[in-house]
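Single-letter residue listing:
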Amino acid sequence: CQYFTICGGCKLQHASLQFYKKYKQDLIADKIKLFSASTIINDLVIAPPHSRRRVQMEFAKKNDKVFMGFKQLNSHKIIDVNSCYIADTSLVSLF
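This section reports on the structure supplied with the text. Sequence positions are assigned chain by chain, starting from 1 and proceeding in written order. Confidence filtering applies because this is a predicted model: local features only for residues at pLDDT of at least 70, side-chain atom pairs given and counted only at 80 or more, and all residues used for totals across whole chains, interfaces and linings. Hydrogens and water molecules were not included; the side-chain quantities draw on all heavy atoms of the structure.

## Overview of the sheet that holds strand β1 (residues 58-62)
Quick note on the threshold: Strands qualify as paired when DSSP identifies two bridges or more between them. Only DSSP runs of H or I reaching four residues or more are called helices, and only runs of E reaching two or more are called strands; each is numbered from the N terminus. Inter-axis angles, ranging from 0 to 180 degrees, are taken between N-to-C directions of lines fitted to C-alpha atoms, where helices are fitted over the stretch in contact.
Pairing is antiparallel in the open sheet, where three strands are placed in the order β1-β2-β3. The sheet is open, and its two borders are formed by β1 and β3 (78-80), each paired with just one other strand. In this sheet, neighbouring strand axes are inclined to one another by 55° on average, regardless of whether the strands run parallel or antiparallel. As paired strands, strand β2 (residues 65-71) and β3 are joined by three bridges and run antiparallel to one another. In the strand pairing of β3, F70 is matched with I79.

## What about the pattern of salt bridges?
For clarity, the threshold we go by: A pair is scored as a salt bridge if a Lys or Arg side-chain nitrogen falls within 4 Å of a carboxyl oxygen belonging to Asp or Glu.
Considering all chains together, one arrives at one salt bridge under this definition. With a shortest N-O distance of 2.8 Å, D26 and K22 are connected by a salt bridge. Of this pair, D26 and K22 both sit in helix α1 (residues 17-34), separated by four residues, roughly a single helical turn.

## Points about the pairing of β1
Here five bridges tie β1 to β2, and the two strands are oriented antiparallel to one another. The residue of β2 that forms the bridge with K61 is V66. The turn linking β1 back onto β2 is made up of two residues, and N63 within it adopts a positive phi angle of 60°.

## Digging into the environment of S75
What counts is decided by this rule: Exposure categories follow from relative accessible area, calculated using a 1.4 Å probe and restricted to protein chains: below 20% of the type maximum is buried, above 50% is exposed, and the middle band is partly exposed.
Turning to its location among the elements, S75 is positioned in the loop between β2 and β3. The class of S75 is partly exposed, set by a relative accessible area of 27%. Taking the C-alpha atoms as reference points, S75 and G8, 67 residues apart in sequence, are found 8.3 Å from one another.

## Remarks on the nonpolar core
Stated formally: Definition used in this section: a nonpolar core is a set of buried Ala, Val, Leu, Ile, Met, Phe, Trp, Tyr and Cys residues joined via side-chain atoms within 4.5 Å. Whether two residues touch is decided by their heavy atoms; if any such pair falls within 4.5 Å, the residues are in contact.
Counting residues in each nonpolar core, the largest one holds nine residues, listed as Y3, C7, M57, F70, I79, V81, C84, A87 and V92. Discounting residues that sit within four places of it in the chain, V81 has contacts with Y3, G69, F70 and F95.

Here it is in structure tokens:
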């Protein structure tokens, strides 16, 4: 992704699929342990590229212009994007 180093949306995009699945499963297991519960965690279903239906877009109006994009990593600044590796193509067409 051309925005990977500046966009705040995909912090683990560079990770291997195996690492990503283990990382997410460990997050779930840690939360379950907080409640002293035990359960079997099934394999995660990973959404393929360009299939995410929910993204958090930011909007701002300056003078007579409206800006739409994602928040910059560790910032409130909106970065203008014209593509997104994870978002559904129907959402990307709105960019």
